[in-house]
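Descriptive analysis of the structure
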Amino acid sequence: MFQRPIYLDCHATTPMDKRVLSAMLPYFTEYFGNPSSLHQYGWEAETAVQQGREIIANAINATPEEIVFTSGATEANNLAIKGVAEAYFSQGKHIITVATEHRAVLDPCEYLQTLGFEITYLPVNSEGLIDLEKLETAIRPDTILVSVMAANNEIGVLQPLKEIGEICHQHQVLFHTDAAQAIAKIPLDVQEMSLDLMSLTAHKVYGPKGIGALYVRRRNPRVKLAPQLHGGGQEKNRRSGTLYTPQIVGFAKAVEIGINNMAKENQYILQLREKLWSILQQLEGISLNGHPTKRLSGNLNVSVEGIDGAALLLGLKSIVAVSSGSACSSTKIAPSHVLTALGRAEKLAYASLRFGIGRFNTVAEIETVGQAVLSTVKSFRQKAVLG
Ligand SMILES: *Cc1c(COP(=O)(O)O)cnc(C)c1O
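Values in this document were obtained by computation on a predicted structure and should not be read as measured data.

1. Description of the domain arrangement of the protein chain
Here the protein chain is described as being made up of domain 1 (6–15 + 262–386) and domain 2 (18–260). The partner domain 2 presents 35 residues to the 29 residues of domain 1 that form the contact. Interface area for domain 1 against domain 2, summed over the two sides, is near 2,600 Å², with a carbon-plus-sulfur share of 54%. When the buried surface of domain 1 facing domain 2 is broken down by residue, Met262, Leu296 and Arg359 rank first, second and third, together holding 27% of it. Between the two partners, domain 1 and domain 2, sit 0 salt bridges. Remark: the boundary between domain 1 and domain 2 carries 18 residue pairs in polar contact (both at pLDDT 80 or more). Elements represented by at least two residues in the side of domain 1 that touches domain 2 include exactly α9 (262–280), β10 (299–304) and α11 (337–341).

This is the structure in C-alpha cells:
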C-alpha cells in the first residue's frame, strides 16, 4: 500500500481522537433515544446531552443553559449574527467586524448589508492584530454587535478578547467571537472576556464533524436571539432540530481532553512548530505571516519569495498535506483575504503555505516535511534559473 502524506492541515480539520470515538459509540446503537422523548430511552439520551452541555459550559465558564448546540461554527456564527440583527434592529443596524474573519462571519454580514444593515470592517496591522482605538472610534449609537474572532484560521493570530470585551461592555454593545480555532487550545472565559456570544466547533479539536455550539449570555445582559431554524422548539426555542446525541458526547469528550491537557500539549506542539520554522528559515526569502508569538501554538504560515504556493503544494503532495494561502473558487485562484489584509503584496500572498500542527504529529514527521520543503523550493528555483 502507498503511504499517505503526513497530515499538517489541522486548521482545516483534525483527526478524531480514538477516545472520542469510544465515548460516542454506545450512543449510536444502544442509547439511541431522542433526548426530547419522555421515557427511558429519551432520558438516557437527555442525560448524556446534559452532561455534554455542562462540560462545554465549564470549559468557557458559562452555565449549561447558555449553550445552544448547532451543526458547527458556521451555523453558530449565522445564528449569532443574523439572530442578533433580527432581534435588535429596532435599536440600530450597525455591526462591526474585522477584515480577516472567516467567511462564515463575513458572508452573514454581507447578507445583512443587502437587508439595509451597515457593516464596518476593521483593518488589521501587518501582524494581523486589530487596533483597539480604531474599534472604539468605530462604535456608534446604532452599533448593536461587535464580532471579532478569537484565533485566526489562516495565520493563527490571537486577538485581545479581554480588552475588546471591556470596550464593548463600556459602550453596551454585544460582543461575539468565533472561537472555532481557539476552544481547548487557549484559555477562554466568557466572564473575564465580557463575551455575550461565542461560536464553537468540535472538529478542530479532535472531535467529530457536524457538531458545534453557540454560547448565548443569559444574565447581564440577557441576549435576545431570533431563531434561524424553526421547528420542534429544542434548545429553549433557540435552535430546533433533534439533538444529535453521539456528536454532542464526542464534542464534550474532545473538549474535556483538550482542556485537561492544554498547557502540556501547547508546549509539545510549540516545540514542533519551532523545529519546523528553524528548518524552513534556511530558505532565502522566507517570511512569517502573522504575529510571531500572539498566535496558536500549532500555526505556521509562511511566504516564500518567487514561489507559487499552489504549485509548491502540488510539488509536496506525496509528502505532506498542507494548505496554501490562495483559495480556489470555481472560476479563479484568488490570494487569501487574510494575507492581503496584512498588507502582504499579492505575490507574497500567492507564495504562502499554512502548516497546522496537531496532537498526533511527531518530531520525525516535522523533520521530513521541513527537508522536503527545502528541497522542493530549491528544485523550483533551479528550474527557474535554467528557464
Ligand atoms: C472551521 C472554522 C469555521 C467553520 O466551522 P464548521 O464547524 O466547519 O462550520 C468557522 N470559523 C473558523 C475560524 C473556522 O476555523
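2. Describing the packing of helix α3 (residues 40–59) against helix α8 (residues 245–260)
Look at α3 against α8: their axes get within 9 Å of each other, and the N-to-C directions meet at 30°. For α3 against α8, the interelement crossing comes out left-handed. Contact with α3, carried on its side by Ala45, Ala48, Val49, Gly52, Ile55, Ile56 and Ala59, involves Thr245, Ile248, Val249, Phe251, Ala252, Val255, Glu256 and Ile259 of α8 and no other residues of that element. Taken together, the residues of the contact of α3 with α8 sort by class into 12 nonpolar, 2 polar and 1 charged.

3. Points about the packing of aromatic side chains
On inspection of all chains with the given rule, the structure shows 4 aromatic pairs. Seen from their ring centres, Tyr27 and Tyr31 are 5.5 Å apart, and the 40° between their planes marks the pair as tilted. Look at Tyr27 and you get buried, because its relative accessible area is 18%. When its relative accessible area of 29% is taken as the criterion, Tyr31 is described as partly exposed. Considering the side-chain rings of Tyr206 and Phe360, the 5.6 Å spacing of their centres and the 85° angle between planes classify their relative orientation as edge-to-face. In this pair, Tyr206 sits in the loop between β7 (197–201) and β8 (212–216) while Phe360 sits in the loop between β15 (352–356) and α13 (363–386), placing the two residues 154 residues apart along the sequence. Lying over the aromatic face of Tyr111, Lys82 brings its terminal NZ or CZ to 5.3 Å of the ring centre. In this arrangement the basic side chain of Lys93 is found over the ring face of Phe117, its NZ or CZ atom lying 5.2 Å from the centre.

4. Some words on the site of the ligand
If you check the shell around the ligand, you find Gly72, Ala73, Thr74, His102, Met149, Asn153, Asp178, Ala180, Gln181, Thr201, His203 and Lys204 and nothing else. Within the contact set of the ligand, an oxygen atom lies 2.7 Å away from a side-chain nitrogen or oxygen of Gln181. With respect to the ligand, the side chain of Thr201 contributes an N or O atom lying 2.6 Å from an oxygen atom. Considered on its own, the ligand offers 380 Å² of accessible surface; in the complex 87% of this is hidden by protein. Classifying every residue of the shell around the ligand gives 3 nonpolar, 7 polar and 2 charged.

Procedures and definitions
Residues numbered from 1 in each chain as written. Predicted model: local features only at pLDDT ≥ 70, side-chain atom pairs only at ≥ 80, totals over all residues. Heavy atoms only, no water. Domains from an automatic or database assignment. Contact = heavy atoms within 4.5 Å. Buried area = accessible area lost by both parts, 1.4 Å probe. Salt bridge = Lys/Arg side-chain N within 4 Å of Asp/Glu carboxyl O. Polar contact = N/O pair within 3.5 Å; in protein donor to acceptor, adjacent residues only side chain to side chain. Helix = DSSP H or I, 4+ residues; strand = E, 2+ residues; numbered from the N terminus. Axes fitted to C-alpha atoms, helices over the stretch in contact; angles between N-to-C directions. Left-handed = near helix turned anticlockwise from the far one by under 90°. Nonpolar A, V, L, I, M, F, W, Y, C, P; charged D, E, K, R; others polar. Phe/Tyr/Trp six-rings, centres within 6.5 Å; stacked < 30°, edge-to-face > 60°. Buried < 20%, exposed > 50% of the residue type's maximum accessible area, 1.4 Å probe, protein only. Lys NZ or Arg CZ within 6 Å of the ring centre and 35° of its normal. Near = heavy atom within 4 Å. Areas by Shrake-Rupley, 256 points an atom, 1.4 Å probe, with all protein chains shown as cover.

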